[in-house]
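Each chain, written out:
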Amino acid sequence: MSKHEREKQHQVDADYSLEAVPTSARKGFWNMFFVMLGFTFFSASMSVGAKLGNGLDLSGFAWACLIGGLILSAYCGILAYIGSSTGLNMDLLCRKTFGEKGSYLSSAILGFTQIGWFGVGVAMFSIPAAELLGVNAWALTIVAGLLMTATAATGMKALEIVSYISVPLIVVLGMYSMITATGEGGGLTAIFAQSAGDISLVTGIGYVIGSFISGGTATPNFIRFAKNSKIAVWTTVIAFFLGNTLMFCFGAVGGAFTGKDDIFYVMIAQGLAIPALIVLGANIWTTNNNALYTGGLAISNVSGVRMKFTTWIAGIVGTALAIWLYWNFTGWLNILNCALPPIGAIVILDFFKNRSKFRDADRRVTVNWFNIAGIVVGAVAANVLPWGIAAINAMIVAAVCFFLGELLGKKHN
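What you are looking at is a predicted structure, and each value in this text was computed from that prediction instead of being measured.

Draft legend 1. Seen up close, the nonpolar core. Formed by 113 residues in total, the largest nonpolar core has its most connected members in Phe61 and Phe222. Among the elements that make up this core, the one with the highest residue count is helix α6 (residues 103–133) (13 residues). Look past the residues within four positions of Phe61 in its chain and what remains in contact with it is Leu52, Leu56, Phe192, Phe248, Cys249 and Ala252.

As structure tokens, then:
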């Protein structure tokens, strides 16, 4: 029996939660593009779009989407390059950067926030859908949560299938809703002029970056399956820029025209109840699958258990707490989101500064305290500094901690 056959025989984890993805398991452009595009299709981004639509004129909205989208896409694109180059998920990359034990903190933050957002996402679907259908919200929450968990636990193949179905549905129905609202509202300029002027362009750019930079930190978890770095970077950059911009446009036009901040309620107001239900379910399912997949990988890193089992644990917990999380914990999750950009920033800096340790499987550190400090201090800075853009502030402070650690480390060598 050849080495390849022995490896295949002993491979029990098709998602490689505890090792690098081999060349034989890599996927092409369209597989990765639909997964990444589906990841960015999230109802909460439409709410951000509604804020932009109600606070900026058409020109300001366009500039906020362009500048913020380019920054967000660049950040995620660099993480995509690292994920595809190494074949490692974010938690395994964090082992290199923060240490074997130090990565428990980054995994805890990644896992806790993504499982939390999974629960919030389930409730974002079940509460309005139950109201529309006249069924019990808890019953629908349990059914939806378990179905989403089943696809997430199946792994990348299920994520691809769900994205192939959901992405076209969201685009077609969302575009129809937006075009209808634009026509009835007298054009985009007229719609945006109704309530523009409440926020500055810098604030708008901050909204765009903050809308998905926390989720984008998990980019390596999915894009590590790309055949090469070129595919990884382009699919990520295009998907994040296009996907987020579409969500902002759907939310902005609908929000400015109807006063609603979610395409579900916009479409209800337009007399499109069934399409609204389809869009809401498809929209949340794609992002929730990726969020739960990330949560399962985080638990796997800490426990050493394969992600298929840990994803079920994460999904059951998220489903059980879904409605409580939705009503009581969203604000805290937004605070915790500020800890995720520092994780991504430090991994990026460490990879390009110390690339050799990412190639050396035997090189291990228990805890890198300066990098750990970067997460904590960066998150605090994001939450307390009254100026600038929170995510950018967090990454800058984290970078200072990283370079300080590199400088002091060299002096002691």
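That was the structure; now back to the text.
Draft legend 2. Structural detail: a nonpolar patch on the surface. A cluster of nonpolar side chains, Leu105, Val376, Val377, Val380, Val384, Leu385 and Trp387, forms an exposed patch at the surface whose accessible area comes to about 600 Å². With four residues, helix α20 (residues 369–384) is the single largest residue contributor to the nonpolar patch. Along the chain, Leu105 turns up in helix α6.

Draft legend 3. Quick look at unusual backbone geometry. A positive phi angle, near 50°, is found at Tyr16, a position not held by glycine. Of note, Tyr16 is situated in the loop between α1 (3–10) and α2 (29–40).

Draft legend 4. Structural context of the packing of aromatic side chains. This structure, assessed with the given rule, holds 18 aromatic pairs. Three or more aromatic residues joined by ring pairs form one cluster here, namely Phe29, Trp30, Phe33, Phe34 and Tyr164. Here Lys51 stacks its cationic end above the ring of Tyr207, 5.6 Å away from the centre of that ring.

Draft legend 5. Summary view of the state of the cysteines. In this structure the tally under the stated criterion is zero disulfides. With no disulfide partner, Cys249 has as its closest neighbouring cysteine sulfur the one in Cys65, 5.6 Å distant. No disulfide involves Cys401; its sulfur sits 15 Å from the nearest other cysteine sulfur, which is in Cys338.

Reading the values: rules and limits
- Residues numbered from 1 in each chain as written.
- Predicted model: local features only at pLDDT ≥ 70, side-chain atom pairs only at ≥ 80, totals over all residues.
- Heavy atoms only, no water.
- Core = buried A, V, L, I, M, F, W, Y, C linked by side-chain atoms within 4.5 Å.
- Buried < 20%, exposed > 50% of the residue type's maximum accessible area, 1.4 Å probe, protein only.
- Helix = DSSP H or I, 4+ residues; strand = E, 2+ residues; numbered from the N terminus.
- Contact = heavy atoms within 4.5 Å.
- Patch = residues over 30% accessible without salt bridge, like charges linked within 9 Å, V, L, I, M, F, W, Y side chains within 5 Å.
- Areas by Shrake-Rupley, 256 points an atom, 1.4 Å probe, with all protein chains shown as cover.
- Salt bridge = Lys/Arg side-chain N within 4 Å of Asp/Glu carboxyl O.
- Phe/Tyr/Trp six-rings, centres within 6.5 Å; stacked < 30°, edge-to-face > 60°.
- Lys NZ or Arg CZ within 6 Å of the ring centre and 35° of its normal.
- Disulfide = S-S within 2.5 Å.

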